[in-house]
Amino acid sequence: MFRFWATVLQYLGLALLALSLNFFLLRLAPGSPLSGLDQSELDAALSQQQEERLKAHYGLDLPLPVQFSHYFLRLSRGDLGQSLYFNQPVAQVVWPYLQRTLLLIGLGFLPALLIGGALGMLSALNHRKPWERWLLGGMVLLQSFPPFLIAILLLVLLAVVFPIFPAVSTMLPGQGLSDRLERMVLPVSAYALWELGLFYLLVRGSFLGVLGQEFISYARAKGLPERTVVLRHILRAALPPLIARTALILGVSFGGVFFIESVFSYPGLASLALTAIARVDYPLIEGIFLLTLGMILLFNLLADLLVARFDPRTQEAA
Amino acid sequence: MRIVALLCALVPLSLLLLGFVLPRAEAIHPPFSPPGRGNLLGTDDVGQDIFSQLASGGLTTIGVGAAAGVLATLFGLLVGGAAGYWPRLETGLTRFTDLILTFPRLPLLVLLSLYLKPNPLNAVVVLALFGWPSSARTVRPAVSGLREAGHVQIAKSMNASGLYIIFRHILPQLTPLILVQLLLEIRFGMVAQTGLAFLGLTDPSVPSWGLMLFQAFRHPQTFLGPYWLWTVLPPALALALAVLALSLSLLTDERQLDPRLRRETT
Amino acid sequence: MMLSVNKLTVAFAGKAKFAPVLEDLWLELCSGETVALVGESGAGKSVFIEAVLRLLPASCRVTGEIHYQGHNLLALPQSEFRRFLGRELAWVPQSASGALHPMLPIGLQLMEPLLARGMKRQAAWAEIEPLLESLDLKPARQVAQSYPHQLSGGMRQRALVAAALAQKPKVLLVDEPTKGVDTERRQQVIALFQEAKQLQPELSVLVVSHDLDLVEALADRVVVLYAGQLVEATSRKAFFSEPMHPFAKALLAALPKNGLEALPWAESRSVTGCRFHPRCPIALERCQSDEPQVTLHEHTHVRCWLYAS
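Scoring rules and cut-offs
- Per chain, residues are indexed from 1 in the order of the written sequence.
- Each chain is given a letter, starting from A, and each ligand a number, starting from 1, according to the order in which they appear as written.
- Thresholds applied to this predicted model are a pLDDT of at least 70 for local features of residues and 80 or more for the giving and counting of side-chain atom pairs; totals over whole chains, interfaces and linings are not thresholded and use all residues.
- No hydrogens and no water enter the side-chain calculation; it runs on all heavy atoms of the structure.
- A patch is a set of surface residues, each over 30% in relative accessible area and not in a salt bridge, joined within 9 Å for like charges and within 5 Å for the nonpolar side chains Val, Leu, Ile, Met, Phe, Trp and Tyr.
- Here the Shrake-Rupley method, with its probe set to 1.4 Å, supplies the accessible areas, and only the displayed protein chains count as covering residues.
- The salt bridge criterion pairs a side-chain nitrogen of Lys or Arg with a carboxyl oxygen of Asp or Glu, the two atoms within 4 Å.
- To qualify as a helix, a DSSP run of H or I must reach at least 4 residues; to qualify as a strand, a run of E must reach at least 2; elements of each kind are numbered from the N terminus.
- For the exposure calls, accessible area comes from a 1.4 Å probe over protein chains only, and a residue counts as buried if that area is under 20% of its type's maximum, exposed if over 50%, partly exposed in between.
- Working rule for contacts: check all heavy atoms of both residues, and any pair within 4.5 Å makes them a contact.
- The term buried area refers to how much accessible surface (probe radius 1.4 Å) is lost by two components on association, counted for both of them together.
- All residues other than Ala, Val, Leu, Ile, Met, Phe, Trp, Tyr, Cys, Pro, Asp, Glu, Lys and Arg, Gly among them, are scored as polar; the first ten of these are nonpolar and the last four charged.
- In this description, strands pair whenever DSSP reports at least two bridges between them.
- Axis definition: a line fitted to C-alpha atoms, limited for helices to the stretch in contact. Angles are taken between N-to-C directions and run from 0 to 180 degrees.
- The scheme is simple: roughly parallel for angles under 35 degrees, roughly antiparallel for over 145, roughly perpendicular for 65 to 115, oblique for anything else.
- By definition, any crossing whose near helix is turned counterclockwise from its far helix by less than a right angle is left-handed, and any crossing with a clockwise turn is right-handed.
- Centres within 6.5 Å are what make two rings of Phe, Tyr or Trp a pair, Trp counting through its six-membered ring; a difference in plane orientation under 30 degrees is then read as stacked, over 60 as edge-to-face, and the rest as tilted.
- Whether a charge lies above a ring is judged from NZ of Lys or CZ of Arg, which has to be within 6 Å of the ring centre and within 35 degrees of the ring normal.
- Each polar contact in these results corresponds to two N or O atoms within 3.5 Å; when the atoms are within protein, one needs to be able to donate a hydrogen and the other to accept it, and residues that are neighboring in sequence are counted only if both atoms are side-chain atoms.

Moving on to a nonpolar patch on the surface. All names here are of chain A. On the surface, Leu157, Val161, Phe162 and Ile164 cluster together into a nonpolar patch covering about 370 Å² of accessible area. Among the structural elements, valine 161 can be located in helix 7 (residues 147-161). When its relative accessible area of 38% is taken as the criterion, valine 161 is described as partly exposed.

Each side of the interface is counted separately: chain B has 44 residues, and chain A has 52 residues. Surface buried jointly by chain B and chain A totals about 4,300 Å² across both partners, of which 81% is contributed by carbon and sulfur atoms. At the junction of chain B with chain A, the criterion picks out zero salt bridges. For the side of chain B that touches chain A, the secondary structure elements donating two or more residues are helix 3 (87-102), helix 4 (105-115), helix 8 (175-198), helix 10 (220-223), helix 12 (233-251) and helix 13 (254-257) of chain B. Looking at side-chain class alone, the side of chain B that touches chain A contains 34 nonpolar, five polar and five charged residues.

Now for the sheet that holds strand 6 (residues 89-92) of chain C. Residues and elements named next belong to chain C. Pairing within the open sheet is mixed, and its eight strands lie in the order 6-7-8-3-9-10-12-11. If you trace the sheet from one side to the other, it starts and ends with strand 6 and strand 11 (294-297), each paired once. Between one strand and the next, the sheet's axes are offset by a mean angle of 20°, whatever the strand orientation. Across four bridges, strand 6 lies against strand 7 (residues 171-175) in parallel orientation.

What follows covers the packing of helix 4 (residues 106-116) of chain C against helix 7 (residues 153-166) of chain C. All names here are of chain C. Where helix 4 meets helix 7, the axes come as close as 8 Å, and the angle between the chain directions of the two elements is 20°. Taken as axis vectors, helix 4 and helix 7 run roughly parallel relative to one another. As for how helix 4 packs across helix 7, the hand of that crossing is right-handed. On helix 7, the residues that touch Ile106, Leu110 and Leu114 of helix 4 are Ala159, Ala162, Ala163 and Ala166.

Looking now at the packing of aromatic side chains. On inspection of all chains with the given rule, the structure shows 17 aromatic pairs over all chains. Judged by centre distance (4.9 Å) and plane angle (75°), the rings of A:Phe68 and A:Phe72 are edge-to-face. Residue A:Phe68 and its partner A:Phe72 are located together in helix 4 (residues 64-76), separated by four residues, close to a single helical turn. You can call A:Phe68 partly exposed: its relative accessible area is 26%. Pairing A:Tyr85 with A:Phe86 gives two aromatic rings, centres 4.9 Å apart and planes at 80°, and the pair type is edge-to-face. On the basis of relative accessibility, which here comes to 40%, the residue A:Tyr85 falls in the partly exposed class. Of the residues examined, A:Phe86 reaches a relative accessible area of 29% and is grouped as partly exposed. Following the ring pairs from residue to residue traces out a cluster consisting of A:Phe148, A:Phe259, B:Phe198 and B:Phe217. When the ring centre of A:Tyr97 is taken as reference, the NZ or CZ atom of A:Arg100 above it lies at 5.1 Å.

In this section: the interface of chain C and chain A. Interfaces are often described in size by the accessible area the parts lose on coming together. On the side of chain A, 22 residues touch chain C, which itself brings 28 residues to the contact. Note on chain C versus chain A: buried area summed over both sides is about 2,200 Å², and carbon and sulfur give 63% of it. Where chain C touches chain A, the interface holds two salt bridges. Where C:Glu112 meets A:Lys222, a salt bridge forms, and the shortest distance between an N and an O atom there is 3.1 Å. Our enumeration of links across chain C and chain A arrives at seven residue pairs in polar contact (both at pLDDT 80 or more). Listing elements by their share of the side of chain C that touches chain A, those giving two or more residues are strand 6, helix 3 (96-99), helix 4 and helix 7 of chain C. In terms of residue count, the dominant contributor to the side of chain C that touches chain A is helix 4 of chain C (five residues). The residue inventory of the side of chain C that touches chain A, partitioned by class, reads 17 nonpolar, nine polar and two charged.

Here is the structure:
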C-alpha cells in the first residue's frame, strides 16, 4: 500500500511540475505569452474582443503569485477555460476529437501488439537463425521510420498509386458507418505499422532477457512441455517489464498519432490542435497540451502500478 | 550492410553539399510543371523549383538534426559522465534524467515551438534540450564501470581533476558507444525537425524537407493525381534515405540490438 | 547400471583452438550409489550435468554416448528425451535463487513435473506436503504459497531438493550444493542430502563438487576431473587414503587453495603432453610431450605416466 501511494504521489509531483512548466514558459517567454507572433500577426488573427478575453484568461495584469494560484484553482475545478475560436468551454470542444483519437489508437494498438508480440516471441525462441536476423533487421528499420513517413508512404501507395482507400479521412455528419470505417483503414494501418516494430523489438528483447536465465533451464529440466515453459515460465517473467513498456509506448503514441492524423486529415486531437494553432486559440492549445500530457502521465502511472501488481517481489509480504 | 548504408547516405549528403552551392528557390516558374527541362524535379504549387528546394531543405534538416544531435550527445556525456563518475551525484542525476525521460517529448516540443520564435537556432536548442537524457542514460553505467579501472586510479592518484579524467581517460574508451549514441541523436533531431516542419510549426521562409511535405499536404489537390510524384515523393524519399542510412549503420552494431544470450561456459 | 557415460566430449564452437571443455569422459553410476565428480572450477564438472540434461546451447558440440536404461540419451529426439526429465532424472541446480522462478509460488514449481505427467492437483499436493514437512519446510501450506524471495537461502535450497525428490527420480544430479555456503551451513547441506538418501534409499546420486568434506560424507566413489579429462576414478576409501594422481594428492592436501596456482581456463586447455604437468611437482620429462592414457591399478583408474607399465 505504501508503494502504491508513493507511486501516485510521484506522478502527482510530475504533473505539478508539468503544469508549472506550462505556466512559467508562457509567462517568462520574452514579451507576451504570444511572443511567437508579432503584434501585427496577432491583430490579424484575433479581434480586439478576443484579445481582451485572452488577456483576461491569463490574468496577465495580476501579480505572478496570484496568477499562479488562479491557474491552479481553475485547473483543479476541471476548468480548462473558454475556447476563443469555438466560443465554447475547451473541455466540450475537445471531447469528440479526443474520442476519435482514442478510437484510432485503440483500433491500431491491438493488432500491432498481437502481431508484433507474436513475431517477437517467435524471433526470440529462434534466436540467431538466419531468417530471424532478417526479420530483426526489417523490424529495426521499420521502427526507425518516423510515423509521418510511414503514413505518407502508405497513403501514396494505397490511396494514390493504387486508389483502394480514400486518401482523406475527414468525417462528415452524413456519413454511414461503412464509409467511416473505410476512411479509418489507412490511418489505423499506419499507426499499427509504426507500433508493430516497437512491440516486436520490445517483446523480443524481454523474452531474450528471460531465456538466458537459469530458471528457464530448470523449468525445461523438469520435463515440462515447451508450451508450459513458454506460456507460464517465460511469459510470466517477461510480463511485468512488458506491461510497463507497453503503457509507455501507448503514452508515446499520442505523439506519433498526431502526425498520422495530420497526414490523413483525420479529425482527431491533432487536427484540432492545428486549427487552434492557426486561429491562435491559446486556451484551446493549452487545454489540448495539458490533456495530452495528462493522458501520457496517466498511462505511465498505470504502467508502474501494474508492474507492482504483477511482480510479487515488489509487493510487501502479506 | 555498411555499403548499403553508404549508398543510402549518398543522396542526402550530396543534397546537403548542393544546398551550400545552389541558389534559394524562387517562385518564378509556372506552378506544377512536371519534371523535365529547366526544372529537374518539376515545380510546386507556387512555382518554386523542387530540386533547389530539396537541396536547401537538406541543409536545414540535416544541419538542424546534426547540430541538435551533437549538442544533445555532449550534454548527455556531461550529465551521464558526472553521474557515473561521482557516486555522490549518481542518484540525484539519475532520478533527474529519468524524470525528463518520462516527460512526453513531442507535446512539449510543439508547445515550446509555439512560445519561441520558430527559427532553426531555437529548434536546435529545443531539440537538444529533449535529446540528452537517452545519451546520459547510456553513458552513466559505462562510466561507472570504468571508475575503478587501473589507469583511472593512477590518474586520480596524480591529482588530476574529475572532469579531466572523465574526458581524457574514460570517455575515449567509450568511443564506439558514444558514436552509436550520436547517430541516434542525429536521427532523432532530423526526424523531429521534419516533424515540426510537417505540422507547419517552423518558419515558413526557411526551406526544409518537412516544410515541403507540409506544403504538399495542405491541399489534397497537390498530392492527388500525378503531382505526388514530384511534390511528395522527393522530400519523403530524401528523409527516408537519410533515416535508412543512419539506421543501417546502427544495425551493423550488434550490441545495439542484442541483449546477449551468452552463457557462462565453465 | 543406471547411467553409463561413454566417450563424452563437449566442445564450444567459439573455442575450436582449445582442447574440448570435456574430453572422452567415461563414468558409471549404479543403482543406489553416490558418485562424486571432483575438480577445480573450470574442469568441466557442471558442463557434464548440463550435457546429461541436454541443456547446453546449440553452439556446443556434444559427442559420445550417455546410456540410461537402454536408451542413448544424446541420440533421442527431444520429445522422447523429455519423458525422462522430471521423472527419472532430476536436477538440483547450483544456485537456488537463480533456478527458482521469481514470480511463481514455490508450491506450483514443486508440483509442476507431477502435473505435467497428468497428475491431479490434489494428488500432487499429497505427494509434496509430507516431503516439505520432512525437509523442515513448515508449515508446508504456507511455504507452498510463498514466492522464492520470501524464503531464506537455506529454505530455497531445501525447496529445490524437495522439488527433485517429489519427482521420485532414479537419478539425482546435484550441482555444487555447497558452493558459496558458509562453513556452518555446509554441515546442514550435507545432512540434507543424507536425509534425502534416507527418504529414497534406491536413489542414485551424481554430485559435482570441489568440497571434499561433502564428498567424504556422501560419496561411494570419486571421479577426479582435471582440465576436462578424467585423471582418477576410485572408491571413496581409496581416494581419501591413498590417492594416486598427483592432482588428486594436491587436492587432498588442499594445495589448490594454498599455493598451487590454478591455471587460467584457456591455458589449461592448450598444454601439450599431460595437461597437469606445468603444475605437477614430480613431472617427468615425457609428461611434457606425451599424453598419458587411463590405466587401471588395483581398484583405481588413473591417468598418469608414474603408473604406466
